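Fold and contact review
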Amino acid sequence: MNNEDKILRLLETVAADVGTLKSDVGTLTETVGNIDNRLSKVEMKLEHDVANKIGVLFDAWQGMSDKNDQQAEQLDHITNQVEHIAADTKLLVRRIVKLEKVQ
């Protein structure tokens with residue numbers, strides 16, 4: 001076997017290897033494209049689901065915040081009424097004590 005035959009065989013081997021590599025690269029490119037499409041779908045689904053859930057949570061938080069504000073106002077009103085009742089009760093007790101002393 002002379003040098004030309006050796007070189008020819010090496011070139012044939014290299015050509016076969018290049019063909020295999022091209023095929024493998026094509027397969028990898030297709031696989032990466034499929035993965036990219038699937039990832040895009042997952043991203044869209046997550047964005048949609050997360051956005052909806054955040055919206056629901058925000059609405060619930062806002063509702064609870066409003067309810068808490070109303071309850072705080074009611075508590076302040078009740079506290080004021082109790083203070084007035086306590087003051088009126090003290091006044092009435094003093095009057096009763098004075099009346100009992102007078103009798």
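Up top you'll find the structure we're talking about.
Here we take up the overall build of the chain. Looking only at helices and strands, the chain features one helix and zero strands. When the backbone C-alpha atoms are referred to their principal axes, the chain occupies close to 145 × 20 × 10 Å. In the chain, which comprises 103 residues, the proportion classed as buried is 0%. Total accessible area computed for the chain in this model is approximately 9800 Å², and 61% of it derives from carbon and sulfur atoms. Each charge class in the chain can be summarised by its mean position, and for the 13 positive and 18 negative side chains these summaries are 13 Å apart.

Here we take up a nonpolar patch on the surface. Among the surface-exposed residues, Leu 39, Val 42, Leu 46, Val 50 and Ile 54 lie close enough to one another that they form a single nonpolar patch of about 440 Å² accessible area. Looking at the element boundaries, Val 42 is found in helix H1 (residues 3-102). On the basis of relative accessible area, Val 42 is assigned to the partly exposed category, the value being 45%.

Time to look at a negative patch on the surface. A contiguous patch of negative charge on the surface is contributed by Asp 66, Asp 69, Glu 73 and Asp 76. Counting through the fold element by element, Asp 76 comes out in helix H1. For Asp 76, a relative accessible area of 48% puts it in the partly exposed group.

A few words now on a positive patch on the surface. Taken together, the side chains of Lys 90, Arg 94, Arg 95, Lys 98 and Lys 101 make up a positively charged region of the molecular surface. Topologically, Lys 101 is positioned in helix H1.

What counts and what doesn't
Residues numbered from 1 in each chain as written. Predicted model: local features only at pLDDT ≥ 70, side-chain atom pairs only at ≥ 80, totals over all residues. Heavy atoms only, no water. Helix = DSSP H or I, 4+ residues; strand = E, 2+ residues; numbered from the N terminus. Buried < 20%, exposed > 50% of the residue type's maximum accessible area, 1.4 Å probe, protein only. Areas by Shrake-Rupley, 256 points an atom, 1.4 Å probe, with all protein chains shown as cover. Lys, Arg positive; Asp, Glu negative; His and termini not counted. Charge placed at Lys NZ, Arg CZ, Asp CG, Glu CD. Patch = residues over 30% accessible without salt bridge, like charges linked within 9 Å, V, L, I, M, F, W, Y side chains within 5 Å. Salt bridge = Lys/Arg side-chain N within 4 Å of Asp/Glu carboxyl O.

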